Amino acid sequence: QVQLVESGGGLVQAGGSLRLSCAASGRTVSSYAMGWFRQAPGKEREFVAAITRSGGTTLYGGSVKGRFTISRDNAKNTVYLQMNSLKPEDTAGYYCAASSRIIATIKREYDVWGQGTQVTVSS
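Everything numeric here is computed off the predicted structure, so don't read it as measured data.

**Student:** How do you make sense of the packing of aromatic side chains when you look at a structure like this?
**Tutor:** Think of a pair of aromatic rings as described by two things: how far the centres are apart, and how the planes are tilted against each other in angle. Scanning all chains against the criterion turns up four aromatic pairs. Ring plane angle 70 degrees and centroid distance 5.6 Å describe the contact between Phe 37 and Phe 47, whose orientation is recorded as edge-to-face. Separated by 10 residues along the polypeptide, Phe 37 in strand β4 (residues 33–39) and Phe 47 in strand β5 (residues 46–51) bring together distant segments of the chain. Their ring planes at 80 degrees and their centres at 5.2 Å tell us that Phe 37 and Tyr 110 sit as a pair that is edge-to-face. Of this pair, Phe 37 sits in strand β4 while Tyr 110 sits in the loop between β9 (92–99) and β10 (112–113); the two residues are 73 residues apart in sequence, bridging distant segments of the chain. Relative accessible area serves as the criterion here: at 1%, Phe 37 is assigned to the buried category. On the basis of relative accessibility, which here comes to 6%, the residue Tyr 110 falls in the buried class. Here the aromatic cluster, defined as three or more aromatic residues joined through ring pairs, consists of Phe 37, Phe 47, Tyr 110 and Trp 113. For Arg 45, the ring lying beneath its charged end belongs to Trp 113, and the centroid distance is 5.0 Å.

**Student:** Is there a simple way to think about the environment of Ala 92 in this case?
**Tutor:** Inspection of the secondary structure assignment puts Ala 92 in strand β9. Sequence-distant contacts of Ala 92, defined by excluding residues within four places in its chain, comprise Arg 38, Gln 39, Ala 40, Thr 117, Gln 118 and Val 119.

**Student:** Explain the sheet that holds strand β7 (residues 68–73) to me, please; I cannot follow it from the model alone.
**Tutor:** In spatial order, the strands read β1-β3-β8-β7; together these four strands make up an open sheet with antiparallel pairing. Bordering the open sheet on either side are β1 (3–7) and β7, each of which pairs with just one other strand. Taken over all neighbouring pairs, the strand axes of this sheet differ in orientation by 15 degrees on average, direction set aside.

**Student:** Teacher, can you tell me more about unusual backbone geometry here?
**Tutor:** Glycine aside, residues mostly have negative phi angles, and peptide bonds mostly take the trans form. At Asn 77, a position not held by glycine, the phi torsion is positive, near 55 degrees. Mapped onto the fold, Asn 77 is located in the loop between β7 and β8 (78–83). The phi torsion at Ser 85 lies on the positive side, around 50 degrees, for a residue other than glycine. One can find Ser 85 in the loop between β8 and β9.

**Student:** I tried to follow the environment of Met 34 on my own but got confused; where do I start?
**Tutor:** Here Met 34 is to be found in strand β4. Between the C-alpha atom of Met 34 and that of Tyr 95, which follows or precedes it by 61 residues, the distance is 11 Å.

**Student:** For this particular structure, what's the right way to read the pattern of salt bridges?
**Tutor:** Any two side chains of opposite charge can pair, given that their charged atoms come close. Counted under the stated rule, the structure contains five salt bridges. For Glu 46, the salt bridge is made with Arg 38, and the minimal N-O distance between the two is 2.8 Å. Under the relative-accessibility criterion, Arg 38 is labelled buried at 6%. For Lys 107, the salt bridge identified is with Glu 44, shortest N-O distance 3.5 Å. Of the two residues, Lys 107 sits in the loop between β9 and β10 while Glu 44 sits in the loop between β4 and β5, which places them 63 residues apart along the sequence. According to the relative accessible area criterion, Lys 107 is partly exposed, its value standing at 33%. Given a relative accessible area of 62%, Glu 44 falls into the exposed group. Put simply, Arg 38, Glu 46, Arg 67 and Asp 90 are held in one network by salt bridges that share partners.

Analysis parameters
Residues numbered from 1 in each chain as written. Predicted model: local features only at pLDDT ≥ 70, side-chain atom pairs only at ≥ 80, totals over all residues. Heavy atoms only, no water. Phe/Tyr/Trp six-rings, centres within 6.5 Å; stacked < 30°, edge-to-face > 60°. Helix = DSSP H or I, 4+ residues; strand = E, 2+ residues; numbered from the N terminus. Buried < 20%, exposed > 50% of the residue type's maximum accessible area, 1.4 Å probe, protein only. Lys NZ or Arg CZ within 6 Å of the ring centre and 35° of its normal. Contact = heavy atoms within 4.5 Å. Pairing = 2+ DSSP bridges. Axes fitted to C-alpha atoms, helices over the stretch in contact; angles between N-to-C directions. Salt bridge = Lys/Arg side-chain N within 4 Å of Asp/Glu carboxyl O.

Fair warning: the whole summary comes from geometry, so function is off the table for now.
Following this line, the structure appears as structure tokens:
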């Protein structure tokens, strides 16, 4: 089974950018569709973005569409989330996940989760 470790979170001002990384080990990430979710304190975990095994298809949550980009480098066993034009409401823990489905937007369709990385956007 794959293990996932997120990195790249931090504190950024509104309007700034961050790139999150999700490094996989134990099994090649190319075996999975991948996704990013986020969870703010007191709120449900929310779908952010997903990508198919080949990277040919991507999906985004409505609140991030046009600002965030998911990508993957299967040779590096890594998935990325480029976040631009960040807003204070993007503040949350961001979680990478792996799915055996073709692509997935629902939490229960993901089989493996990372521990998360915190993103804080100041106004």
